[in-house]
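These are the residues of each chain, in order.
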Amino acid sequence: EALVPYYRQILPVLNIFKNKNINVGDCIVYGQRKRQNLGDLIFETLELLELNGGEDAFINIKYMIPTFESCVLN
């Protein structure tokens, strides 16, 4: 909840890079175990911000990142 006042500074940057996923089709990506995929790391970060950001965290995230889907509501 301490980061909620800073969502307006943090989330636009995450929104820019959230789609930086590696599309390799059916190939094996060995960097997965080293957690080197930026898109996946941002997705995990957004989930943590939602889970630990209080009751209005989803609304704040959804306002700044319109394509975000809740991990709590599903």
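What counts as what
Residues numbered from 1 in each chain as written. Predicted model: local features only at pLDDT ≥ 70, side-chain atom pairs only at ≥ 80, totals over all residues. Heavy atoms only, no water. Helix = DSSP H or I, 4+ residues; strand = E, 2+ residues; numbered from the N terminus. Polar contact = N/O pair within 3.5 Å; in protein donor to acceptor, adjacent residues only side chain to side chain. Contact = heavy atoms within 4.5 Å. Phe/Tyr/Trp six-rings, centres within 6.5 Å; stacked < 30°, edge-to-face > 60°. Buried < 20%, exposed > 50% of the residue type's maximum accessible area, 1.4 Å probe, protein only.

Draft legend 1. Representation of the side chain of serine 70. With respect to the helices, strands and loops of the structure, serine 70 is situated in the segment after α3 (57–64). Polar contacts involving the side chain of serine 70 include one to the side chain of glutamate 50, which spans 2.5 Å. Setting aside its immediate chain neighbours within four residues, serine 70 contacts Glu50 and Phe58.

Draft legend 2. Spatial organisation of the packing of aromatic side chains. One pass over the full model with this rule turns up one aromatic pair. Ring centres of phenylalanine 58 and phenylalanine 68 lie 6.2 Å apart, and the angle between their planes is 45°; this geometry places the pair in the tilted category. Separated by ten residues along the polypeptide, phenylalanine 58 in helix α3 and phenylalanine 68 in the segment after α3 bring together distant segments of the chain. With a relative accessible area of 24%, phenylalanine 58 lands in the partly exposed category.

Draft legend 3. Main features of the environment of arginine 8. Looking at where arginine 8 falls in the secondary structure, it is placed in helix α1 (residues 7–17). Each C-alpha atom of the pair arginine 8 and isoleucine 61 lies 8.9 Å from the other, and the pair is 53 residues apart in sequence. Each residue touching arginine 8, except ones within four places of it in the same chain, is listed here: Tyr63 and Met64.

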